[in-house]
Amino acid sequence: MTDADLVVTGGQVYVHGQLRDVTLGVTDGRVSHLAAADGGLSGDRELDVDGSVVLPGCVDAHVHVRPGDDREGVDSATAAAAAGGVTTVVDMPNFPPTVTDREVWDEMAALYDGTARVDYSMFGHIAEGQNVGTGDITELAAAGAPAFKTFTSAGGGPDPYVVLDKGDLLTAFEEVAETGRPFWVHAEDDEYHVEFIERVEEEGLTGMDAFLESAPPILEATAVRDLVDLADYTGVTTVIAHTTTAEALDIVADAQADGVPIYAETTPYYLGIDAERLRDIGTTGLGTPPVRSPANRERIWERFDDGRVDTMATDHAPRFDEEKDRDPIDVGPGMPQLETALPFLLTAVNDGRTSLDRIVETYARRPAELLGLERKGRLEIGADADFVVVDMDAEWTVDPEDFESRAKYSPFDGWTFTARPVRTYVRGTEVAVDMEATDATPGERVERAE
Ligand SMILES: [Zn+2]
């Protein structure tokens, strides 16, 4: 008889906020032991990680999986997640078909069955004219959506994903309040957005200038202030998706200090790329909202490190090459980030910019907590045995051709990182080795604890 199904030996395991020399025991997919390194814990299988760091698997609450779409899909998105050390992905399903009712939710959820390499769930999407005040929001929660998402700006274009009308937005918040779920919002003020697009045209700006000037920081600040009021008024746990400015982070942090249930997410993109770098990269590096000044990027780093960023996510959003090869104002925004996020953040630890604590807190523990995923985001007895073994001393250069994602481009193309995930486990099953997915598809849908 052995003590556990799997024992992970020789690691510095991140437990209760510290790296400890412990042997991790896994039984029935859960953490069953955290034993003294020399305690002789035995397992049917042993993984000796030879001094590497073992972190909780990352929980990414903002991934455009695009199930059934040729830009990505469940197979390649979850392979990219596994490769990048991400053990739970929550899909933001705004791409057609947009998940705005239970029928579509069930249809999309079926595409994950037996094909997901990591655990998963899907947001319910909220859009005016589609599912505000229809009862669909309640039904999506009943179907299993752990959270909701909408956008507050369409920038004047036709956009099936948004809630622009304030009455509808209030109603949506009230309906989400009844579900007890959190609400992620892409926060840009639409009226200002329309105004700045007009000004850009009047001024004859073109290229990257037109894109960057069409959505300046005031759009985000104004929308975030409104959302603070809505979160306060309705009590809905509100998360500002991919926050881009230090100012917006400060608005959220101040409101939070006043007891408002509002949180800020950002992505490695806004920590790594700024307007100057975007001009060098070109349209493949274009995402929305726009990146800002280099000085703002430094100020986001400070706020990430001091706790004013609550959650990290990738906003992994693959595009076809032809969607990127356009005039900046018409580019399909977004980029794959699942395979660069953790290496980028770990490299920042090596560079002394931040700590492992901040990474585990924002990219594992906090998103799991916001989503109500009780057994995710930390390594403790009874938690799911989701972990990533990382080599903190591995210099390598990003080549998007190596990605598991179907999207073979990256704003971090050619960057040198000094750390990388070397093995990823989902509930005790190995799903990636040296940033390549294995054949295992243990992924299951995660449920919010009531
Ligand atoms: Zn997104």
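Residues numbered from 1 in each chain as written. Predicted model: local features only at pLDDT ≥ 70, side-chain atom pairs only at ≥ 80, totals over all residues. Heavy atoms only, no water.

### Quick word on the overall build of the protein chain
Then comes step 1: Scanning the protein chain from terminus to terminus reveals 14 helices and 21 strands.
Then comes step 2: The C-alpha radius of gyration of the protein chain comes to 21 Å, within 12% of the 22 Å expected for a compact globule of 450 residues.
Then comes step 3: The principal-axis extent of the C-alpha atoms belonging to the protein chain is close to 75 × 45 × 45 Å.
Then comes step 4: Here the protein chain has roughly 16,700 Å² of accessible surface; of this, 42% comes from carbon and sulfur atoms.
Then comes step 5: Taking the 36 positively charged and 89 negatively charged side chains of the protein chain as two groups, their mean positions are separated by 2 Å. (Helix = DSSP H or I, 4+ residues; strand = E, 2+ residues; numbered from the N terminus. Rg over C-alpha atoms; globule rule 2.2 N^0.38 Å. Areas by Shrake-Rupley, 256 points an atom, 1.4 Å probe, with all protein chains shown as cover. Lys, Arg positive; Asp, Glu negative; His and termini not counted. Charge placed at Lys NZ, Arg CZ, Asp CG, Glu CD.)

### Points about the nonpolar core
Then comes step 1: Of all hydrophobic cores here, the largest spans 102 residues; its most connected members are Leu55, Ile126, Phe183, Ile262 and Leu278.
Then comes step 2: Counting contributing residues per domain, this core is built from domain 1 (4-54 + 384-437) and domain 2 (66-371), each supplying no fewer than three.
Then comes step 3: The contact partners of Phe183, leaving out residues within four places of it in the chain, are Ile126, Phe148, Lys149, Thr150, Ala172, Phe173, Val176, Val236, Thr237, Thr238 and Val239. (Core = buried A, V, L, I, M, F, W, Y, C linked by side-chain atoms within 4.5 Å. Buried < 20%, exposed > 50% of the residue type's maximum accessible area, 1.4 Å probe, protein only. Domains from an automatic or database assignment. Contact = heavy atoms within 4.5 Å.)

### Comments concerning the pairing of strand β11 (residues 148-151)
Then comes step 1: Side chains of β11 alternate between two faces, with Phe148 and Thr150 and Lys149 and Phe151 buried alike.
Then comes step 2: For strand β10 (residues 124-125) and β11, the ladder comprises two bridges, and the chain directions are parallel. Bridging from a neighbouring strand, His125 pairs with Lys149 of β11.
Then comes step 3: Across four bridges, β11 lies against strand β12 (residues 183-186) in parallel orientation. The residue bridging Phe148 from the neighbouring strand is Phe183, located in β12. (Pairing = 2+ DSSP bridges.)

### What to know about the pairing of strand β20 (residues 429-433)
Then comes step 1: Looking at chain direction, strand β19 (residues 420-426) and β20 are connected through four bridges and run antiparallel. Looking at the pairing, Thr424 lines up with Ala432 of β20.
Then comes step 2: From the end of β19 to the start of β20, which pair antiparallel, there are two residues, and Arg427 there has a positive phi angle of about 45 degrees.
Then comes step 3: Examined bridge by bridge, β20 and strand β21 (residues 436-437) share two bridges and lie antiparallel to one another. Across the sheet, the residue bridging to Val433 is Glu436, located in β21.
Then comes step 4: Between the end of β20 and the start of β21, which pair antiparallel, lie two residues, with Asp434 showing a positive phi angle near 50 degrees.

### Some details on helix α7 (residues 217-234)
Then comes step 1: The first and last C-alpha atoms of α7 sit 26 Å apart over 18 residues, in line with the 26 Å expected at 1.5 Å per residue.
Then comes step 2: Looking only at α7, the buried set comprises Leu219, Glu220, Ala221, Thr222, Ala223, Val224, Leu227, Val228, Leu230, Ala231 and Thr234.
Then comes step 3: The first or second residue beyond α7 is Gly235, which carries a positive phi of 75 degrees. (Expected span 1.5 Å × (residues − 1).)

### Concerning the pattern of salt bridges
Where charged atoms from two side chains of opposite charge come close, those side chains can pair.
Then comes step 1: Here the structure, examined in full by the defined rule, presents 33 salt bridges.
Then comes step 2: Two residues, Glu247 and Arg225, come together in a salt bridge whose shortest N-O distance is 3.6 Å. Linking Glu247 in helix α8 (residues 246-257) with Arg225 in helix α7, this pair joins segments that are 22 residues apart in sequence.
Then comes step 3: For Glu247, a relative accessible area of 37% puts it in the partly exposed group.
Then comes step 4: Judged by its relative accessible area of 43%, Arg225 falls in the partly exposed class.
Then comes step 5: Across the salt bridge formed by Glu380 and Arg378, the nearest N and O atoms sit 2.7 Å from each other.
Then comes step 6: In the salt-bridge network here, residues are joined through shared partners; they are Arg30, Asp119, Arg375, Lys376, Asp384, Asp386, Arg427 and Glu444. (Salt bridge = Lys/Arg side-chain N within 4 Å of Asp/Glu carboxyl O.)

### Observations concerning the sheet that holds β11
Then comes step 1: Spatially, β10-β11-β12-β13-β14-β15 is the arrangement adopted by the six strands of the open sheet, whose pairing is parallel. Across the chains shown, the open sheet's two edge strands, defined by having one partner strand only, are β10 and β15 (311-312).
Then comes step 2: Pairing of β12 with strand β13 (residues 238-240), which is carried by three bridges, proceeds in the parallel orientation. In the strand pairing of β13, Trp184 is matched with Val239.

### Things to note about the side chain of Asp60
Then comes step 1: Along the chain, Asp60 turns up in strand β7 (residues 58-63).
Then comes step 2: Comment: no salt bridge for buried Asp60; closest opposite-charge side chain is Lys149, at 11 Å.
Then comes step 3: Side chain to side chain, Asp60 and Thr314 meet in a polar contact 2.8 Å long.
Then comes step 4: A distance of 2.7 Å separates a polar atom in the side chain of Asp60 from a polar atom in the side chain of Tyr363.
Then comes step 5: Setting aside chain neighbours within four positions, we find Asp60 in contact with Val86, Thr88, Val89, Val90, Ala313, Thr314, Leu338 and Tyr363. (Polar contact = N/O pair within 3.5 Å; in protein donor to acceptor, adjacent residues only side chain to side chain.)

### With respect to the sheet that holds β7
Then comes step 1: Taken in spatial order, the three strands of this open sheet run β7-β8-β9, and their pairing is parallel. Across the chains shown, the open sheet's two edge strands, defined by having one partner strand only, are β7 and β9 (119-122). This sheet shows a mean twist of 20 degrees between the axes of neighbouring strands, independent of strand direction.
Then comes step 2: Across four bridges, strand β8 (residues 86-91) lies against β9 in parallel orientation. Across the sheet, residue Val89 finds its bridge partner in β9, namely Tyr120.
Then comes step 3: Sitting on the sheet, helix α14 (residues 356-371) touches β7 and β8, and the angle it makes with β7 is about 60 degrees. (Axes fitted to C-alpha atoms, helices over the stretch in contact; angles between N-to-C directions.)

### Thoughts on the packing of helix α3 (residues 136-143) against helix α4 (residues 166-179)
Then comes step 1: Running from N to C, α3 and α4 point in directions that differ by 30 degrees, and their axes come no closer than 9 Å. Judged by the sense of rotation from one axis to the other, the crossing of α3 with α4 is right-handed. Between α3, through Ile137, Thr138 and Ala141, and α4, the contact on the second element is made entirely by Glu175, Val176 and Thr179.
Then comes step 2: Within the contact of α3 with α4, the residues separate by chemical class into three nonpolar, two polar and one charged. (Left-handed = near helix turned anticlockwise from the far one by under 90°. Nonpolar A, V, L, I, M, F, W, Y, C, P; charged D, E, K, R; others polar.)

### What about the domain arrangement of the protein chain?
Then comes step 1: Domain parsing of the protein chain yields domain 1 (4-54 + 384-437) and domain 2 (66-371).
Then comes step 2: Relative to domain 2, the C-alpha centre of domain 1 lies at a distance of 27 Å.
Then comes step 3: Tallying the contact residues gives 36 residues for domain 1 and 45 residues for domain 2.
Then comes step 4: If you sort the residues of domain 1 by the area they bury against domain 2, Arg406, Tyr409 and Pro411 come out on top, with a joint share of 23%.
Then comes step 5: Between Asp70 and Arg406 there is a salt bridge, with the nearest N and O atoms lying 3.8 Å from each other.
Then comes step 6: Our count for the domain 1 to domain 2 interface comes out at 13 residue pairs in polar contact (both at pLDDT 80 or more).
Then comes step 7: Within the residue set of the side of domain 1 that touches domain 2, elements represented by two or more residues are β16 (387-391), β19, β20 and β21.
Then comes step 8: By residue number, the principal contributor to the side of domain 1 that touches domain 2 is β19, which donates four residues.
Then comes step 9: Classifying every residue of the side of domain 1 that touches domain 2 gives 24 nonpolar, five polar and seven charged. (Buried area = accessible area lost by both parts, 1.4 Å probe.)

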